Amino acid sequence: MTEILMFHRVLPKKKININDAYFIRGTLVSQERLENVIIKYLKEGYTFKTICNLEKDLDLKQVALTFDDGYLDNYLYAKPILEKYKINATFYPIIGYCIEQTIAPLDYYYHYVNENIEERTKEDWVLGKQKKEFLNFSIKAQQAFIDKLFLNKPKTDVSYMSCAHLQALHRLGHEIGGHSYYHDIYTKLTETEVLADIQKTKKALSQIGVNIKSYAYTDGQYNSNVIEVLKKENIDYSCAIKSKQLEKDDNYELERQFVIEKASKSKELFGINLTVLELNSFLKQIELLKIEITFNFLKEFIFKILSKIPFQNFKMIERGFGHLPTEEQIKEDMLSLNGGTCATMNVFAAAVLDKLGFDVSLINGTMMKKNDHIALLLNFENNLYTIDLGDGQPYFEPIPVNNDIIREHPFRTYRTVNQLGNLRIDFLINGDWSTDVTLHLKRKTFKEIYKTLEQHYTELEFGPFWNGIRFAFYPNKKIIAIRDKVLIIQKSNSIEEIEITSEDHLAEVTSQYLPAFKAEIVKCFIKQNML
């Protein structure tokens with residue numbers, strides 16, 4: 001069993017911006033992702049080989065790692081991981097840019113996209129029509145296009161390995177192969193032009209002491225003519241992406257798997273697939289503009305959501321008993337900053353954090369009935385935390401699982417108690433501790449958690465949501481809430497409770513304290529005949 005994996009750029013996760021064009025395209029992965037891929041194959045009993053060392057044995061579990069284009073970050077961040085596990089890989093540099101220490105027109109194109117293109121149209125520039133049109137140009141035409149974009153070519157944070165870097169990799173036992181001189185697409189060239197480019201590429205590499213025996217097709221494009229030229233030039237292997245099965249011998253059509261930062265299992269894990277545009281729109285709306293894989297970012301993420309998005313049941317009431325929210329409705333409620341219960345807020349938050357690169361999963365909790373709550377379990381730097389945005393409580397940080405804590409807030413003082421696979425959260429009420437929820441610390445998929453969501457919408461007594469109103473959020477960490485007919489307001493460090501006595505009174509207090517949600521709250525009161 002042979003597998004060949006394809007990488008391009010590699011950076012530490014903390015250096016990756018998910019809005020980066022390379023990341024959107026899938027040609028940028030984290031150093032951590034690379035290491036996890038290696039660990040996976042080692043655990044499965046695979047042997048790592050270079051392309052030219054692969055054996056014709058269907059029963060042999062072997063895998064080859066390939067790195068296209070020759071970016072400097074391969075040397076800085078991929079090489080140390082390969083050395084750590086004593087693995088040799090195959091590198092396919094665009095040798096012209098390595099020799100000249102320039103960058104490709106596509107790199108300038110991505111730089112332009114990163115600096116100038118709005119988020120709502122970015123995917124089209126990276127994955128859609130604009131990108132396809134650019135790649136259809138010849139290299140000279142691509143360069144002319146770039147010259148029109150920039151009066152002076154900017155300095156970018158992208159660079160290519162030098163010849164010395166390639167020689168160092170070669171001395172370490174890594175294979176160096178051909179990948180064209182300037183990344184021309186060979187199927188767009190004449191046979192004579194293809195031959196000239198392959199010969200030029202071979203000569204340039206031979207001058208630094210590398211005699212190549214394998215090649216990687218630029219953009220995965222090839223045909224029978226290209227294969228014949230490679231054979232004449234004594235190239236024994238060539239990597240495609242998808243085989244066209246033009247040859248009986250597949251040495252010139254080696255299929256590769258395109259490794260991206262994370263194979264998306266979002267739908268399976270959380271019931272939601274978020275696009276980059278939806279993710280960016282959400283982060284922009286909650287005013288979270290700087291993305292970092294840090295603990296401080298997580299705290300800011302939680303604070304922003306609790307400050308701007310309410311825990312509420314008015315959407316449940318509006319849609320009616322028995323209506324289970326769809327994926328699109330969950331996204332709609334969160335992207336419109338309307339929020340929802342734990343089945344909306346925590347599910348959506350998990351999908352967002354997963355998309356950002358955090359290790360999160362859904363878990364169950366028990367409040368009134370067994371497994372009637374949904375929360376998040378986070379693994380951050382090998383420490384476990386819970387996150388709960390769907391309980392209407394002032395949990396302004398990830399809650400550590402292994403260290404019991406006490407947190408004070410004018411509205412609610414709470415403590416945590418670890419209990420063998422469970423985390424109990426107690427509230428201090430009139431001097432006594434009372435359990436609010438027990439979180440069960442077993443990771444679950446959306447399918448495994450779905451029963452909890454279903455029961456909330458189809459069983460009247462499963463939660464408190466069908467016989468009243470629940471609403472709470474924390475602008476500037478101060479609570480504004482409605483619990484049935486009581487409005488709860490925090491002023492400085494004191495909590496004031498105002499009983500709502502009539503429809504006119506409801507209109508008055510919601511206009512004063514909750515204008516953005518007034519219409520929805522009034523409708524909920526009316527539909528439930530609460531006044």
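For every chain, the first residue of its written sequence is number 1, and the numbers climb from 1 along that sequence. Local features in this predicted model are restricted to residues of pLDDT 70 or higher, and side-chain atom pairs are both shown and tallied only at a pLDDT of 80 or more, whereas totals for entire chains, interfaces and linings draw on every residue. For side-chain calculations, the full set of non-hydrogen atoms in the structure is used, while hydrogens and water are omitted.

**Considering the pairing of strand β21 (residues 480–483)**
Test applied: Any two strands are treated as partners once DSSP identifies two or more bridges connecting them. We count a stretch as a helix when DSSP gives it H or I for four or more residues in a row; a strand needs E for two or more, and each element gets its number in order from the N terminus.
Strand direction decides the pairing type here: strand β20 (residues 470–473) and β21, joined by four bridges, are antiparallel. Bridge pairing in β21 places Phe473 opposite Ile480. Linking β20 back to β21 in an antiparallel pair, the connection comprises six residues, with Asn476 at a positive phi of about 55°. The turn linking β21 back onto strand β22 (residues 486–491) is made up of two residues, and Asp484 within it adopts a positive phi angle of 55°.

**Considering the side chain of Asp69**
Rules: The cut-offs for exposure are 20% and 50% of the maximum accessible area for each residue type, with area from a 1.4 Å probe on protein chains only; residues under the lower value are buried, those over the upper are exposed, and the others partly exposed. Asp and Glu are treated as the negative residues and Lys and Arg as the positive ones, with His and the ends of the chain left uncounted. We define a salt bridge as a contact between a side-chain nitrogen of Lys or Arg and a carboxyl oxygen of Asp or Glu at a distance within 4 Å. In what follows, a contact means two residues having at least one pair of non-hydrogen atoms within 4.5 Å.
With respect to the secondary-structure elements, Asp69 resides in strand β5 (residues 62–69). Buried Asp69, no salt bridge; nearest opposite-charge side chain is Arg256, N-O distance 7.9 Å. With near-sequence residues (within four places) excluded, Asp69 lies in contact with His8, Tyr92, Pro93, Ile94, Tyr160, His179 and His183.

**What to know about helix α14 (residues 295–308)**
What counts here: Multiplying one less than the number of residues by 1.5 Å gives the expected span of a helix.
Taking 1.5 Å of rise per residue, 14 residues should cover 20 Å, and α14 covers 20 Å from first to last C-alpha, within 8% of that figure. Along its buried surface, α14 packs onto α13 (276–285), α17 (342–356), β13 (373–380), β14 (383–387) and β20.

**As for the sheet that holds β21**
Spatially, the five strands line up as an open sheet ordered β11-β20-β21-β22-β23, and their pairing is antiparallel. The sheet is open, and its two borders are formed by β11 (311–312) and β23 (494–499), each paired with just one other strand.

**A word on unusual backbone geometry**
Residues other than glycine seldom take positive phi values, yet Asn234 does so here, at roughly 60°. With respect to the helices, strands and loops of the structure, Asn234 is situated in the loop between α11 (224–232) and β9 (237–239). Backbone geometry at Gln245 places phi at a positive 55°, although glycine is not the residue there. Considering the arrangement of structural elements, one finds Gln245 in the loop between β9 and β10 (257–258).

**Points about the packing of α14 against α17**
For clarity, the cut-off: Angles shown run from 0 to 180 degrees and are taken between the N-to-C directions of axes, each axis being a line fitted to C-alpha atoms and, for helices, limited to the stretch in contact. Should the near helix be turned anticlockwise from the far one by less than a right angle, the crossing is left-handed, and should it be turned clockwise, the crossing is right-handed. Three residue categories are used. Nonpolar comprises Ala, Val, Leu, Ile, Met, Phe, Trp, Tyr, Cys and Pro, charged comprises Asp, Glu, Lys and Arg, and polar comprises the others, including Gly.
The geometry of α14 relative to α17 is characterised by a closest axis approach of 13 Å and an angle of 145° between their N-to-C directions. As for the relative orientation of α14 and α17, their crossing is right-handed in sense. Across from Phe297, Leu298, Phe301 and Ile305 in α14, the residues of α17 making contact are Met345, Ala349, Val352, Leu353 and Leu356. Here the contact of α14 with α17 is composed, by residue class, of nine nonpolar, no polar and no charged.

**A closer look at the side chain of Thr510**
This is how it is decided: Here a polar contact is taken to be a pair of N or O atoms separated by no more than 3.5 Å, where protein atoms must pair a possible hydrogen donor with a possible acceptor and residues adjacent in sequence count only if both atoms sit in side chains.
Structurally, Thr510 can be placed in helix α19 (residues 503–513). In terms of polar contacts, Thr510 uses its side chain to reach the backbone carbonyl oxygen of Ala507, at 3.3 Å.

**Overview of the sheet that holds β13**
Sheet architecture is open: eight strands sit in the order β15-β14-β13-β12-β19-β18-β17-β16, paired in antiparallel fashion. Strands with a single pairing partner mark the edges of an open sheet, and in this sheet they are β15 (399–400) and β16 (406–407). When strand β12 (residues 359–366) meets β13, the two strands line up antiparallel, connected through seven bridges. Opposite Leu362, over in β13, you have Leu376 as the bridge partner.

**Observations regarding the pattern of salt bridges**
Per the counting criterion, the structure on display carries 29 salt bridges. Of the charged contacts in the structure, one is a salt bridge between Asp236 and Lys213, with a shortest N-O distance of 3.7 Å. Taken together, the residues Asp236 in the loop between α11 and β9 and Lys213 in the loop between α10 (191–206) and β8 (214–216) connect sequence positions 23 residues apart. Owing to a relative accessible area of 34%, Lys213 belongs among the partly exposed residues under this scheme.

**Remarks on the pairing of strand β19 (residues 432–444)**
Consecutive side chains of a regular strand alternate in pointing toward one face of the sheet and then the other. As paired strands, β12 and β19 are joined by four bridges and run antiparallel to one another. Considered in β19, the bridge of Asn364 is made with His440. Between strand β18 (residues 422–429) and β19, which follow one another and run antiparallel, lie two residues, and Asn430 among them has a positive phi close to 55°.

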